[in-house]
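# Summary of structural features
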Amino acid sequence: MAIEIAGPATVTVQGPEVVFVFEDTGGALVSFLLLIRGDPAKPPIAPVRYREPSEDSGGEARTLDPGTYQCFLQITAIRGDGAFGTTYQSVASVDAEVFGTAAGVVPKNPGGAFGSRRFQLVVT
Amino acid sequence: MARTFLWIACAAALAGNVAAQDKPAADAPAKEKLTDYTTDFSAGTVSAGGIVGLTQSAIEEVQSSQDLVLALKPFSSGQSKTGYGIAVSPFRTALMPMAAKDYLYGGVKNRLLGQLTLSYAENTVQVAGADWRKSGFSADTSYYLDVKDDPIHYGAQAWQVGKCPEFDKLELKRAETEFADPSADLSDIEKKMLEARQACFNKAKNAARWNADRIQVSLGGGRIRREDGSRQESLGRSLTLGGLFSAGKQGALQVAYRRTSGEVDLTTLGGVAGHKSSRLTALRYTYGSEDGNGDTKVLAEISNAKDSEVTASQAVYKRALGFDKKVAKGTWLQFRVGKSRKFDGTSYETTALANLTFAPGAGLFK
C-alpha cells in the first residue's frame, strides 16, 4: 500500500536560511527523506533526513540562495518488531509552511508502506 | 469431545497458516496471512486466562502487542475442558493509537498506558457432575524498570539515521530512483529496505536481554455459570502485583502476589453459595536458551495455593514444570505439567496443559 502524501504544488519561503521540520504522531517507525535540487552548476544540497520516534525535534536547517528548487519528499512507515504501533500521522513543513501530510495504517504485509511527493520550493 | 476436536482443528489450521508465512506465497491474499508479533521474546499472554483456569498457573507474564493475541487450550485435562482467551493492547493498535514518542518519552503514565492490555477468556469445568462455564476479564500493564531494556526503545534507537547504514543507503537510492523516473519499479528496493531494517532490529534484540527487569499489575474479575444457565456466581475480583527480575545471563525470577475478594467457595455451588477472600503468592524460575535470545525456555514454579480454600483462584499449580517453545514467528507452544487441587476441592491431580498462542493481526480493527 502506498502512502498518500497531500500538500501544495509550490511552497514559498524567505531565505537564505530555512528550517525543515518533520513530525509523526503515529505508533509506527517513520522515516522522512527530502531531496532538494537547485542550480546544477552549484554544489549539491545535502538531503534532509529524520526518523520517528525520536527524542529530538525534527528540525534541520539549510542555507538556500534565492531561487526555485525541485523537491522530492519520501515517507517510509514500518510496523513489526521494534515498532510501538501500526499507524502513521505525518507532517512535513518548512518555516511553518506545510508541504506534506499523510495518515494511515501500515499494512501487516509486507509490514511497510512507502510514499512520495514532488513540489517546488521558491526561496525569496 | 466434539468441542475439543473443533479447537484442535482451529489451532492446527491457524498454526499451519503461520508456518506458511515463512514460505513465499505471492498468490495468497494479504488479508488471510498472520502477522508479526511484536514483543516476540516469549509467548503472548492472555491474563484473563488465569482467572478461568486456562493456564492454571499463578504467574502470568504481562505483555502487550500490536496485534490481537489469541490463546487456545485445545486439549482437555482432568476436570478442565477446552477454553480460549483473547487480548488486545488498544494504544498499540489502530483502535486508540498512541504516538510512539509519547510512549517512549512521555513519562511513567504513558508507558503504563501504552502497555495496557485488555483480555477476556472462557473455560469449561465440571463440578459435582454438572458443566460450568467460567468467564473472566483482566486489565494489565507492565513497566520496564530501565527504559533502555524496552524493545520499543532499542528498536527506535536502531532506527535512527546513521544506526542502520544499509537502510540509509537503500532509502536514498529509492528516493533518487523515483525522483529521476516516476515510473521506475521500486519493489525490489523496498523489499531490501524492510529486510535491512529487520536485520538492524535483530542485531539490537540479540544484544538485549529477554529477562530485563520489569514489574506488572493486573486487575481482573470473573463469573461461573452453569451451562444450562440455571445459576451464576462470582469468581471475585482480583489484584495481582508481579515482577520479572533477571537471575544471571539467561535466567529470570518471576514473583506474583494475588489478592482476590468475593470469590465463590466451589464446595457451596450445590447449595447456598458462600464467598471468600484469599491471597496467593507464586514464584517461578525460567531459563532461556541463548539461541535467538530465549526462543526456548524451561521453567519451574511453586505457589502457596491453600488446601483449605476451595476457590478458583487457589486451584492453580502448587508446583509445576514446563517449557515455552517458539514454533514459528509469532507462535508459541506452551507446555506445563504440575500438581494442583481439583477444581471442586475433592482431591489433588497432576495435570498437563498445552497452549498455543499467536497474534492474528491488527487488520481486524481496520
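Quick note: structure is the one above.
These figures come from a predicted structure and were not determined experimentally. Note on numbering: residues in each chain are counted from 1, in written sequence order. Chain letters start at A and ligand numbers start at 1, both assigned in the order the entries are written. Local features in a predicted model are, by the rule used here, given only for residues with pLDDT of at least 70; side-chain atom pairs are given and counted only at 80 or more, and totals for whole chains, interfaces and linings are based on all residues. For the side-chain quantities, the full set of heavy atoms in the structure was used; hydrogens and water were omitted.

### Quick notes on the overall build of chain B
Let me state the cut-off plainly: Think of it this way: any DSSP run of H or I at least four residues long counts as a helix, any run of E at least two long counts as a strand, and we number them from the N terminus. In this scheme, a residue with accessible area under 20% of its type's maximum is buried, one over 50% is exposed, and one in between is partly exposed, where area comes from a 1.4 Å probe on protein chains only. The criterion used for residue contact is that any of the two residues' heavy atoms lie within 4.5 Å. Accessible areas in this description were obtained via Shrake-Rupley with a 1.4 Å probe; residue shielding takes into account the shown protein chains only.
When helices and strands are counted, chain B shows seven helices and 12 strands. The buried share of chain B, taken over its 366 residues, is 56%. Sequence-distant contacts in chain B: of pairs separated by 6 or more residues, those separated by 24 or more amount to 63%. With an accessible surface of roughly 15,200 Å², chain B has 59% of that area assigned to carbon and sulfur atoms.

### Focus: the interface of chain B and chain A
Think of interface size as the accessible area that goes away when the parts come together; that is how it is often given. Operational definition: Accessible-area loss on putting two parts together, using a 1.4 Å probe and summing over both, is the definition of buried area adopted here. The salt bridge criterion pairs a side-chain nitrogen of Lys or Arg with a carboxyl oxygen of Asp or Glu, the two atoms within 4 Å. Within 3.5 Å is the distance limit for a polar contact, defined as a pair of N or O atoms, with the added protein rule that one can donate a hydrogen and the other accept it, and that residues adjacent in sequence qualify only through two side-chain atoms. Note on residue classes: Ala, Val, Leu, Ile, Met, Phe, Trp, Tyr, Cys and Pro are nonpolar, Asp, Glu, Lys and Arg are charged, and everything else, Gly too, is polar.
Facing 50 residues of chain B, the contacting portion of chain A comprises 45 residues. Summing the contributions of chain B and of chain A, the shared interface buries around 4,200 Å²; its carbon and sulfur component is 58%. Interface area lost by chain B to chain A is led by B:Lys101, B:Trp159 and B:Phe179, which between them contribute 19%. Linking chain B with chain A are six salt bridges. Of the charged contacts, one joins B:Glu176 and A:Arg37 as a salt bridge, the two residues approaching to 3.9 Å between their closest N and O atoms. In this structure, the connection of chain B to chain A is made through 22 residue pairs in polar contact (both at pLDDT 80 or more). Of all the secondary structure elements, the ones that give two or more residues to the side of chain B that touches chain A are α3 (100-105), α5 (151-157), α6 (165-180) and α7 (187-207) of chain B. Of the residues belonging to the side of chain B that touches chain A, the class tally is 27 nonpolar, nine polar and 14 charged.

### So, the layout of surface pockets
Residue and element names in this part refer to chain A. This is how the line gets drawn: Any residue with an atom within 4 Å of a point lines the site, the site being either a cavity, points on a 1 Å grid over the protein atoms alone where a 1.4 Å probe fits but cannot get out, or a pocket, an open set with protein on both sides within 12 Å along at least 5 of 7 lines. Grid points are joined across faces, edges and corners, and a volume is the space filled by probe spheres set on the points.
In this model, the second largest pocket occupies a volume close to 250 Å³. In this structure, the second largest pocket is lined by 16 residues; those nearest its centre are Gly38, Asp39, Lys42, Ile45 and Tyr69. The residue makeup of the lining of the second largest pocket, split by class, is eight nonpolar, four polar and four charged.

### Re the sheet that holds strand β3 (residues 29-37) of chain A
Put simply, the rule reads: At least two bridges found by DSSP between two strands is the condition for calling them paired. Only C-alpha atoms enter the line fits that serve as axes; for helices the fit covers just the stretch in contact. Angles between N-to-C directions range over 0 to 180 degrees.
The strand order across the open sheet built from five strands is β1-β9-β6-β3-β4 (chain A), with neighbouring strands paired in mixed fashion. The open sheet is flanked by β1 (10-13) and β4 (48-52) of chain A, the only strands paired with a single partner. The average angle at which neighbouring strand axes cross in this sheet is 25°, direction not considered. Of the strand pairs in this sheet, β3(A) and β4(A) are connected by five bridges, and their pairing is antiparallel. Counted as the bridge partner of A:Ser31 is A:Arg51 from β4(A). Contacts from α6(B) reach β3, β4, β6 (67-78) and β9 (112-123) of chain A within the one sheet, and its direction differs from that of β3(A) by about 50°. Lying over the sheet, α7(B) contacts β3, β6 and β9 of chain A, oriented at roughly 110° with respect to β9(A).

### Re the sheet that holds strand β5 (residues 58-63) of chain A
Residue and element names in this part refer to chain A. What the four strands build is an open sheet, ordered β5-β2-β7-β8; its pairing is antiparallel. Edge positions in the sheet fall to β5 and β8 (97-105), since each has one partner strand and no second. The sheet shows a mean angle of 15° between the axes of neighbouring strands, taken without regard to direction. As paired strands, strand β7 (residues 87-94) and β8 are joined by eight bridges and run antiparallel to one another. Bridge pairing links Tyr88 to Gly104 in β8.

### Notes on the pattern of salt bridges
Under the defined criterion, the tally for this structure stands at 20 salt bridges over all chains. Bridged by salt links that share partners, the residues A:Arg49, A:Arg51, B:Asp168 and B:Glu171 form one connected network.

### Details of the packing of aromatic side chains
To keep it simple, the criterion reads: Two rings from Phe, Tyr or Trp (for Trp, the six-membered ring) form a pair when their centres sit within 6.5 Å of each other. Planes less than 30 degrees apart are called stacked, planes more than 60 degrees apart edge-to-face, and all others tilted. Consider the ring centre and the ring normal. A charge sits over the ring if Lys NZ or Arg CZ is within 6 Å of that centre and within 35 degrees of that normal.
Across all of its chains, the model carries 10 aromatic pairs over all chains by this definition. Taking 6.3 Å as the distance between ring centres and 90° as the angle between the ring planes, the aromatic pair formed by A:Phe22 and A:Phe99 counts as edge-to-face. Pair noted here: A:Phe22 is in strand β2 (residues 17-24) and A:Phe99 is in strand β8, with a separation of 77 residues, a long-range link. Residues A:Phe22 and A:Phe99 agree in their burial class; the two are buried. An angle of 20° between the planes, with centres 4.5 Å apart, marks the rings of A:Phe84 and B:Tyr103 as stacked. Placement of A:Phe84 in the loop between β6 and β7 and of B:Tyr103 in helix α3 is noted, with the two residues assigned to different chains. Each member of the pair, A:Phe84 together with B:Tyr103, is buried. Just above the ring of B:Tyr143 sits the side chain of B:Arg111; from NZ or CZ to the centre is 4.1 Å.

### Considering unusual backbone geometry
All names here are of chain A. In this structure, the amide linkage connecting Glu52 to the following residue, Pro53, adopts the cis form with an omega of 5°. Its location among the elements puts Pro53 in the loop between β4 and β5. Across the junction of Asn109 and Pro110, the peptide omega takes the value 15°, indicating a cis bond. Positionally, Pro110 belongs in the loop between β8 and β9. One non-glycine residue with positive phi stands out, namely Asp95, at about 45°.

### A look at α7(B)
What counts here: Expected helix span is taken as 1.5 Å per residue step, with the number of steps being one fewer than the number of residues.
Under the 1.5 Å per step criterion, the end-to-end length of α7(B) is 31 Å for 21 residues, consistent within 8% with the ideal 30 Å. Along α7(B), the residues classified as buried are B:Ile189, B:Glu190, B:Met193, B:Leu194, B:Ala196, B:Arg197, B:Gln198, B:Cys200, B:Phe201, B:Ala204 and B:Lys205. Buried-residue contacts for α7(B) involve β3, β6 and β9 of chain A together with α5, α6 and β10 (317-328) of chain B.

### Describing the nonpolar core
Buried together is how nonpolar side chains tend to be arranged in soluble globular proteins. Convention followed: What we call a nonpolar core is a set of buried Ala, Val, Leu, Ile, Met, Phe, Trp, Tyr and Cys residues that are connected through their side-chain atoms within 4.5 Å.
One finds A:Phe20, A:Phe22, A:Leu34, A:Leu73, A:Phe99 and A:Leu121 to be the most contacted residues of the largest nonpolar core, which totals 31 residues. Elements supplying a minimum of two residues to this core: β1, β2, β3, β4, β6, β7, β8 and β9 of chain A. Among the elements that line this core, the one with the most residues is β6(A), at five residues. Setting aside residues up to four positions removed in sequence, A:Leu121 forms contacts with A:Val11, A:Val13, A:Phe20, A:Leu64, A:Gly67, A:Thr68, A:Tyr69, A:Cys71 and A:Val94. Core analysis: the next-biggest nonpolar cluster, separate from the first, contains 15 residues, B:Trp159, B:Cys164, B:Ile189 and B:Ala196 among them.

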